[in-house]
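Secondary and tertiary structure notes
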Amino acid sequence: MVSKKPQLERMESVLEERERTGVPDAILLEDYLSERAFIDNLKKRYHENIIYTYIGQVVISVNPYKDLGLYTEDYLEKYRNVNFYEVPPHVFAITENAYRSMTAEVTDHCILISGESGAGKTEASKQVLRFLAATSLHRREIDRVRDRLLQSNPLLEAFGNAKTNRNDNSSRFGKYMDIEFNFKGDPVGGHILNYLLEKSRVVHQEDGERNFHIFYQLLAGAPDELLEKLHLQRDANYYFYLKQGNSCHVHTINDRASFEAVDHALDILNFTTDEQEAIWGVVGAIIHLGNVSFKADDDGLAKVVDETPVKNCSKLIGCDSAELLKALTHRTIEARGDVVTSPLNPDQAVYARDALAKSVYERVFNWLVIRLNQSLQSPESGRKTLLGILDIYGFEIFEKNGFEQFCINYCNEKLQQVFIELTLKSEQEEYRREGIEWEQVQYFDNKIICDLVEEKHKGIISLLDEECLRPGEATDFTFLAKMNSHLASHNHYFSYDTSDNSKVKKTINKDEFRLRHYAGEVAYRVQGFLDKNNDLLFRDLKETMTHTSNMIITSVFPKDELLRKRRPDTAATQFKNSLVELMSILMSKEPSYIRCIKPNDDKRSYYFDEERVSHQVKYLGLMENLRVRRAGFAYRRAYEIFLARYKSICPATWPHHHGLAKDGVKAIVQHLGYPPDDFRLGETKLFIRLPKTLFLTEDALQIRKGELATMIQAKWKAFMYQRRYERMRAAVTTVAKHWRRVVAQRLRARRKWAVGVVRAFVKGFITRNEPVNPTNARFQQLVKCEYLLRLSKSLPNSVLDPRWPDAPSTCTEASKILHGFHRTYLARKYVKALLPEKRVMFEEKVLAEQLFKGKKVSYPQSLPNWFVTSRLDPASESLRKTAFEDIIKMTGEKTKYCVPCTKYDRHGYKPRDRILILTSGALYLLEAKENKLKQKHRFSLKEVQGLHVSPNTDNLLLIQIPVENAKRDKSAVACDPNPKGDLILNVPNVIEAVTKIISISDNSEVLKIAESESIGHTMKNGKQGTIMLNTGSSVTTINKNKEGKLQVLAEDEKHGNMIM
Ligand SMILES: Nc1ncnc2c1ncn2[C@@H]1O[C@H](COP(=O)(O)OP(=O)(O)OP(=O)(O)O)[C@@H](O)[C@H]1O
Ligand SMILES: [Mg+2]
């Protein structure tokens, strides 16, 4: 069993309070068989301002006659969504319970409110409606429905309630209201059924009573303009229909405020201005009609005393006042085709007037209900569940009881029958049927009284109808006689004539009959029974009503009514039929009960008249109810239904139970751990003794529902994700498929293109050597591109690098051009990068090339080495720097070249070591001796006439100087006092030295490379010497030969070790 600690604690605190406040449920009474104990409990609670007590799930409400603040918003909240047994008894609790079962089980429910007049039925019904209307979340549409449902009350109460001696706001009509809920449990509409309005009140009120509230509300609350329009005065005492009870003003009633409430309700319920005007017109017209009085004229016929009220009345309902006047004083009878109109006497005229007033009021009331139902109609289609509220007039015993009380009490008998039927009889029968061990509880079955009233042909209503329809002089007394003759032997019927007992006889008037109702004996006066049952409205008045312009009157008095031949059902029969219908409505629903008890007859708070209460407890059958409840089971459900609802709680029955439903229920019950005495397993149903057990089961279901919801959510999510995944996967496959197709198509196209390209290439290759044509043009272009690309990557980097890539045949020409360009480019680059000294060196090399290339055999050997400016050893060099630069060198000259050399005398060709120094202007020949330099020769470079060299590998240099110069040389140069003609030198780097001299003198003409094997040289005094130039030696030698000539024998070229 699901156990909850807080609930136990709550229960304990309830027990502690029990002493003071009694028990909340009479089932808990120890002495439950004692009525005394039961009433004491009610009284105890009543004095503690606790007006509600349960018998099981029946609420007993004792009217507190004061506001206890039990219906505030806080209470509404407190009772919402809680289990019945967790909160103190209240009408809200039973309403919540009914509402919850309705929404959970999708069944129709009804709440039956019973009790005698003034016991608090209407108050309870209003609270039930309030609670239900507030169930929904606030949405505009629902709020609108809720407002309308709530506003139907003040309107219907104004027209259907009146002050009686029992109750200042007594309901004078029966009301059953269905509230419609959609599947979400929101109220979406409503429907009202009304029962037998006590219309006689419109024309007559007992002392201390009033007409229906609306008349007084109109006079007290209507604005002056409206009253003026209706030709009414504020003072109700001015109007006959309103003042008969001598209590127009009641201190507990605020008519003015009520008028405003009605006015507001009409707006909320969407009554149009025309409709509202028509309503006030009718109410005003009835008030005026009451003031139409008659006197007898000379012939004893009725004559209106004052026509003003007639005129006012006809004005308000929009008919011709003369016609109305005539209709009020005449009666037309149609008999066998003849139409006879006869004047009425004053009594008949009063009867006609009252009949008109009653009829108009009743019909307008019915119209109001129809109109209200239109406003409450649910716009939603689809399945709706209903929760009905029955608030019908309570049992009445007045001093003088008439036809109305007869009907009202008959209605209460019927309701009691439903109660018995559903709570006592059928329940006990069910236990027997279901095989539950059961000790029969005795109760009074009021079927016998219902039959007495309604049985066909034998019942009072049948007898009354017969008497009404019987030809001949039927009166209320002939009706009484008829009943006496037919019902004399009935145990629940008494009259003066049928009573043998003189004691009883004394208490009964001759014009009365007495019925022993379930709630007590009531004596009814027969006067008026026939009339009220016939409910006759003279034809003239009906006809006049069909001629009015008031929209409500015209709609409630349809013209075709006049043409109907068939007599309408009598009032009692109509009422009986409507009750039969009501009973079937109630029986088709799950009932809940609110039993209202009136604590005293004085409308006093804090006064608990035990005798009065005891009486009600008896006739309401509460003790029997308690006994059955106590012994019985609060809740029962067919196994299938119970299993269907709760199978999710038990693993053995969830999700499917295979086998008998009973076994499934057994498994659930065991799973929940019901104590053995708390339930019984019947033939077809499970019986649960206490509501608490059921509520705990319900709690377990709610918890389980939560779990299931989470599970469903998870499954749903998984399903959704799975579906989404599958969709995505399918999409991916589709995309991939298409993509593969696209890729394949592209590949195919590419391959096709490639095949074309390759084919063209091959063709181009085959025809590559043909002149350019379309077939090979592309190939050739490619070849050229390829060649250029290749070339670009393999270009020589250095000007000295002679390599040049091979070119295909088509590019040979371009290759050549490009080679040239490239070399030029490299050369330019090289040159640009050269330092000035290097440049000079280069120029010297270029000069050397021009001078010696192909002319002197040793030239190629000179190529790899740069020319230098000095080839002196360090000692000679330092000597040069000191001696030559500072002493010998002529001012302004710059030293350009120094080289050691051998000088051969012109006579004898003796070799002597000398140093040759070349300056910017002259050529010096110096002798280095003892660490000194001695100038031997100096020539201006301009004076050099020839520079003779051999074409061989030797280094002979013959510097030819003009003789005169030689002379001048002699004279000019003191250090060479013996000029001997041309200078014969062996300069180790002859190409370098010659190039330098020519470079400085800028005269290449002077170079003479011998073309023969001998060269001549001039000696002193113009003598000629000869130098023989030969080759064929392995080493170069220069010697004086036998012929006295200088023999230069050059090393062969092949030896090639020459320095220059
Ligand atoms: N729960 C309550 N709290 C306070 N006062 C109440 C309560 N119930 C009833 N009354 C008082 O009792 C009066 C009569 O109640 P109500 O009109 O509901 O009686 P009723 O049973 O409908 O009578 P009738 O059969 O005449 O219509 C109310 O006007 C109100 O003053
Ligand atoms: Mg009422």
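Source: prediction; values computed, not measured.

**A look at helix H28 (residues 661-672)**
The first and last C-alpha atoms of H28 sit 17 Å apart over 12 residues, in line with the 16 Å expected at 1.5 Å per residue. Inspection of H28 places Ala661, Gly664, Val665, Ala667, Ile668, Val669 and Leu672 among the buried residues, and these make up the whole buried set. Following H28 by one or two positions, Gly673 adopts a phi angle in the positive range, close to 70°.

**Thoughts on the sheet that holds strand E6 (residues 174-181)**
Read across the open sheet, the 7 strands follow the order E1-E2-E16-E3-E12-E6-E7; overall the sheet is mixed. Both edges of this open sheet fall to strand E1 (52-55) and strand E7 (187-195), since each of them pairs with a single strand only. Put simply, the sheet's adjacent strands are angled 20° from each other on average, direction ignored. Here 6 bridges tie strand E3 (residues 109-114) to strand E16 (residues 590-597), and the two strands are oriented parallel to one another. Directly across from Ser114, in E16, lies its bridge partner Arg595. Against the sheet, helix H14 (residues 346-376) touches E6 and E7, its axis set at about 165° to E7. The sheet contacts of helix H26 (residues 622-631) involve E1, strand E2 (58-62) and E16, and relative to E1 the element is tilted by about 55°.

**Section: the packing of helix H12 (residues 308-317) against helix H13 (residues 321-329)**
Their axes nearest at 9 Å, the elements H12 and H13 cross at an angle of 120°. Here the hand of the crossing between H12 and H13 comes out right-handed. Residues Val310, Lys311, Cys313 and Ser314 of H12 form the contact with H13, whose own contacting residues are Ser321, Leu324, Leu325 and Leu328. A per-class count over the contact of H12 with H13 returns 5 nonpolar, 2 polar and 1 charged.

**With respect to the site of ligand 1**
Lining the immediate environment of ligand 1, one finds 19 residues, of which Ser117, Lys121, Thr122, Ser170 and Ser171 sit closest. Taking Asn169, its main chain carries an N or O atom lying 3.4 Å from an oxygen atom of ligand 1. Protein chains shield 86% of the accessible area of ligand 1, which is 620 Å² for the free molecule. Breaking the shell around ligand 1 down by element, the ones donating at least two residues are helix H5 (121-133) and strand E5 (170-171). Examining the composition of the shell around ligand 1, we find that 3 residues originate from one element, H5, more than from any other. Looking at side-chain class alone, the shell around ligand 1 contains 5 nonpolar, 10 polar and 4 charged residues.

**Focus: the coordination of the magnesium ion (ligand 2)**
The coordination sphere of the magnesium ion (ligand 2), as far as protein atoms go, consists of Thr122 (OG1) and Ser171 (OG), spread over 1.8 to 2.0 Å. You can see Thr122 sitting in helix H5 and its partner Ser171 sitting in strand E5, a full 49 residues away along the chain. There is no split in this pair, since Thr122 and Ser171 are both buried.

**Re the state of the cysteines**
A covalent bond between the sulfur atoms of two cysteines is what we call a disulfide. All told, the structure shown has 0 disulfides when counted by the stated rule. With no disulfide partner, Cys596 has as its closest neighbouring cysteine sulfur the one in Cys411, 14 Å distant.

**Here we look at the nonpolar core**
Of all hydrophobic cores here, the largest spans 182 residues; its most connected members are Phe38, Phe215 and Phe513. In terms of residue count, H14 provides more of this core than any other element does, 14 residues in total. Those residues within four positions of Phe513 in sequence are excluded, and the remaining contacts are Phe406, Ile460, Leu480, Met483, Tyr493, Phe494, Ser495, Val522, Ala523, Tyr524, Val526 and Phe529. The next biggest cluster of nonpolar side chains, apart from the first, holds 33 residues, and it includes Ala848, Leu925, Val944 and Leu957.

**So, the pairing of E6**
With 8 of 8 residues buried, E6 is to be regarded as a mostly interior element. When E6 meets E7, the two strands line up antiparallel, connected through 8 bridges. Residue pairing in the sheet places Phe181 in a bridge with Pro187 of E7. What sits between E6 and E7 in their antiparallel hairpin is a turn of 5 residues, with Gly185 showing a positive phi close to 90°.

**A word on unusual backbone geometry**
For residues besides glycine, phi is generally negative; the peptide bonds are generally trans as well. Here the bond from Trp654 into Pro655 is cis, since omega is 0°, no more than 30 degrees from zero. Of note, Pro655 is situated in the loop between helix H27 (639-646) and H28. A positive phi angle, near 20°, is found at Leu196, a position not held by glycine. Its place among the elements puts Leu196 in the loop between E7 and helix H7 (213-221). Even without being glycine, Asn931 reaches a positive phi, approximately 60°. Position of Asn931 among the secondary structure elements: in the loop between strand E22 (922-929) and strand E23 (932-940).

**Here's the deal with the confidence of the model for the protein chain**
With 95% of its residues at a pLDDT of 70 or more, the protein chain shows a mean pLDDT of 87. H7 holds the highest mean pLDDT among the elements of the protein chain, 96, whereas helix H35 (residues 963-972) holds the lowest, 50. Scored below 50 in pLDDT, residues 1-8 makes 14 contacts in the model with residues more than four places away or belonging to other chains. Confidence drops under pLDDT 50 across residues 969-978; counting only partners more than four residues distant or on other chains, this segment forms 18 contacts.

**Digging into helix H36 (residues 990-1001)**
Under the 1.5 Å per step criterion, the end-to-end length of H36 is 16 Å for 12 residues, consistent within 8% with the ideal 16 Å. Most of H36 sits inside the fold, with 9 of its 12 residues counted as buried. For H36, the complete set of buried residues consists of Val990, Ile991, Glu992, Ala993, Val994, Thr995, Lys996, Ile997 and Ile998. Residue Asp1002 follows H36 closely and has a positive phi angle near 55°.

**Description of the environment of Val1006**
Position of Val1006 among the secondary structure elements: in the loop between H36 and strand E27 (1007-1009). Excluding its chain neighbours within four sequence positions, the residues that come into contact with Val1006 are Val944, Gln945, Gly946, Leu947 and Ile998.

**Details of the packing of aromatic side chains**
This structure, assessed with the given rule, holds 34 aromatic pairs. Relative to Tyr646, the ring of Phe642 lies with its centre 4.6 Å away and its plane at 50°, an arrangement referred to as tilted. Remark: Tyr646 and Phe642 occur in helix H27; sequence separation between them is 4 residues, near one turn of the helix. The exposure class of Phe642 is buried, given its relative accessible area of 1%. Of note, Arg80 hangs over the ring of Phe131, and the distance from its end group to the ring centre comes to 4.4 Å. The ring of Tyr216 is capped by Arg210, whose NZ or CZ atom sits 4.0 Å from the centre of that ring.

**What to know about the pattern of salt bridges**
As enumerated under the stated definition, the model contains 58 salt bridges in all. A salt bridge links Asp511 to Arg525; the shortest N-O distance between them is 3.5 Å. Linking Asp511 in the loop between helix H19 (502-507) and strand E14 (512-517) with Arg525 in strand E15 (residues 520-525), this pair joins segments that are 14 residues apart in sequence. Linking Arg604 and Asp602 is a salt bridge whose minimum nitrogen-to-oxygen distance equals 3.9 Å. You can call Asp602 partly exposed: its relative accessible area is 44%. Salt bridges linked by common partners bring Arg172, Glu198, Arg201, Glu209 and Glu396 together as one network.

Procedures and definitions
Residues numbered from 1 in each chain as written. Chains lettered and ligands numbered in written order. Predicted model: local features only at pLDDT ≥ 70, side-chain atom pairs only at ≥ 80, totals over all residues. Heavy atoms only, no water. Helix = DSSP H or I, 4+ residues; strand = E, 2+ residues; numbered from the N terminus. Expected span 1.5 Å × (residues − 1). Buried < 20%, exposed > 50% of the residue type's maximum accessible area, 1.4 Å probe, protein only. Pairing = 2+ DSSP bridges. Axes fitted to C-alpha atoms, helices over the stretch in contact; angles between N-to-C directions. Contact = heavy atoms within 4.5 Å. Left-handed = near helix turned anticlockwise from the far one by under 90°. Nonpolar A, V, L, I, M, F, W, Y, C, P; charged D, E, K, R; others polar. Near = heavy atom within 4 Å. Polar contact = N/O pair within 3.5 Å; in protein donor to acceptor, adjacent residues only side chain to side chain. Areas by Shrake-Rupley, 256 points an atom, 1.4 Å probe, with all protein chains shown as cover. Donors = N, O, S within 2.8 Å, 3.2 Å for Na, K, Ca; no water. Disulfide = S-S within 2.5 Å. Core = buried A, V, L, I, M, F, W, Y, C linked by side-chain atoms within 4.5 Å. pLDDT = per-residue confidence, 0-100. Phe/Tyr/Trp six-rings, centres within 6.5 Å; stacked < 30°, edge-to-face > 60°. Lys NZ or Arg CZ within 6 Å of the ring centre and 35° of its normal. Salt bridge = Lys/Arg side-chain N within 4 Å of Asp/Glu carboxyl O.

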